[in-house]
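One-letter residues, chain by chain:
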Amino acid sequence: MTDTLAGMATTAQSVAEVCSAARHAALGLARLDTGAKNRALLAMADALERRTDEILEANARDMEAGEAAELDAGLLDRLELNAPRLAAMAADVRSIADLPDPVGETVEGWTLPNGLDIRRVRVPLGVVAVVYEARPNVTIDCSALCLKSGNAIVLRGSSTAARSNAVLAQVAGSAVAEAGVPEGAISIVSGGDRDELREIATQDGVVDLIIPRGGEGLKAALKEHATVPVMYAAAGNCHVFVDASADLDDAVAITVNAKVQRPSVCNAAETLLVHADVASAFVPRALGELREKGVELRVDGRTRAVAGALADSLADAGEEDWETEYHALILAVKVVDSAEEAINHVNRYGSGHSEAIVTGSRESAREFTEGVDAACVYVNASTRFTDGAVFGMGAEIGNSTQKLHARGPIALRELTTYKFVIEGSGQVRE
């Protein structure tokens, strides 16, 4: 059954036809009231639980293919579904149903001297295309967020997760259609070649926004071809900076959590920066705990000099290590002389995703939060919290490192635009 589903979208309809159907569905979705959207979301969550075995069977086949293709451990972790992950996906859908509906919200309003009432009102974007790699949970998170915000969604996953994505999109799409949502509100194309990606990216007047979630190759392909607006859900080259005044117990715990808790995701730390004043006390402890967790350590000379018994077993860090998002149990470590030097390093090598300082100084915290150019900046907390669901936003389509039109987790309000509604009583302009 899953192989049939995997080919369903493009054998039955072309990419242009899928997008056109989504445009038609978007017109009806924009007029659905909150109750209707919430009932559809609850139906989607119920269907995920009811059809768990079918979904896991499809995912198992993707995992087998991924292992045969020798995908790295990080990709396999992002690809894998299991019963707890499916239960969490269903719970996230229900949490989105519980959130306030942004559509129709008045952002601001005022009255002109001539009596005209002006309101800025949130409205759906229309048709959102999400292009993503390896993570089948994205299929459900994005579908639920788009539905609640009144948008139709066109999904284009990767061939790596083709069976998983196809069955998840079918489960979600059929559930919401049975609940009264217009046909075509949730649709998927097969995730095949780059020609398909280019066709989605050039659906001017049909697709309103493309959101890619994936590596630099995917982003480069869209930058080359897209004529539709793109909001990049970027990769994460994230840092933890341990300041001179840091509580070292907190610093060790935050560093280990940021690297180890789930290293394959974009808010995991890739580089540890340590102030020289605490390096001799902090580095041996932190590196020892990281090594016990299986982390490969790549260090500069100053770090090696204070690493104690571990010194001879550490790899040298090169320029490419500061630039790399590992998605694995690998951490680069560097000693710096000041918060300013740490900020400069982060701004040079970071991707603008999530950055953290561990400090006991309000002044250092202020300097770091004001100086670092990133969507999310943490003081005395792990970078692992950057997530729409964790932030209370229900879920996220991704984390935008752009500055227009949204920054940080892309959730319900980030999937809306606005229109001005002006009410008068016969006014004319002279």
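Residues numbered from 1 in each chain as written. Predicted model: local features only at pLDDT ≥ 70, side-chain atom pairs only at ≥ 80, totals over all residues. Heavy atoms only, no water.

Draft legend 1. Representation of the pairing of strand 8 (residues 269-275). The buried fraction of strand 8 is high, at 7 of 7 residues. Where strand 7 (residues 238-242) and strand 8 come together, 5 bridges link them in parallel fashion. Within the sheet, the bridge partner assigned to C238 lies in strand 8 and is A269. In this region the chain leaves strand 7, passes through helix 11 (residues 248-260) and returns to the parallel neighbour strand 8; the handedness of that crossover is right-handed. Bridge count for strand 8 against strand 11 (residues 330-336) is 5 bridges, and the pairing is parallel. Paired with H275 across the strands is V336, a residue of strand 11. (Buried < 20%, exposed > 50% of the residue type's maximum accessible area, 1.4 Å probe, protein only. Helix = DSSP H or I, 4+ residues; strand = E, 2+ residues; numbered from the N terminus. Pairing = 2+ DSSP bridges. Right-handed = clockwise from strand over helix to strand, strands pointing away.)

Draft legend 2. Summary view of unusual backbone geometry. In the segment running from L404 into H405, the intervening peptide bond is cis, with an omega of 0°. In this structure, H405 sits in the loop between strand 14 (399-400) and strand 15 (408-409). Unlike most non-glycine residues, H327 shows phi in positive territory, near 55°. Following the sequence through the fold, H327 ends up in the loop between helix 14 (319-323) and strand 11. The backbone of N380 sits at a positive phi, close to 55°, despite the residue not being glycine. Here N380 shows up in the loop between strand 13 (376-379) and strand 14.

Draft legend 3. Local environment of the packing of aromatic side chains. Summed over all chains, the structure comprises 3 aromatic pairs. Their ring planes at 25° and their centres at 6.2 Å tell us that F241 and F368 sit as a pair that is stacked. Residue F241 is found in strand 7, and its partner F368 is found in helix 16 (residues 362-371); the two are separated by 127 residues along the sequence. Judged by relative accessible area, which is 0%, F241 ranks as buried. For F368, a relative accessible area of 0% puts it in the buried group. (Phe/Tyr/Trp six-rings, centres within 6.5 Å; stacked < 30°, edge-to-face > 60°.)

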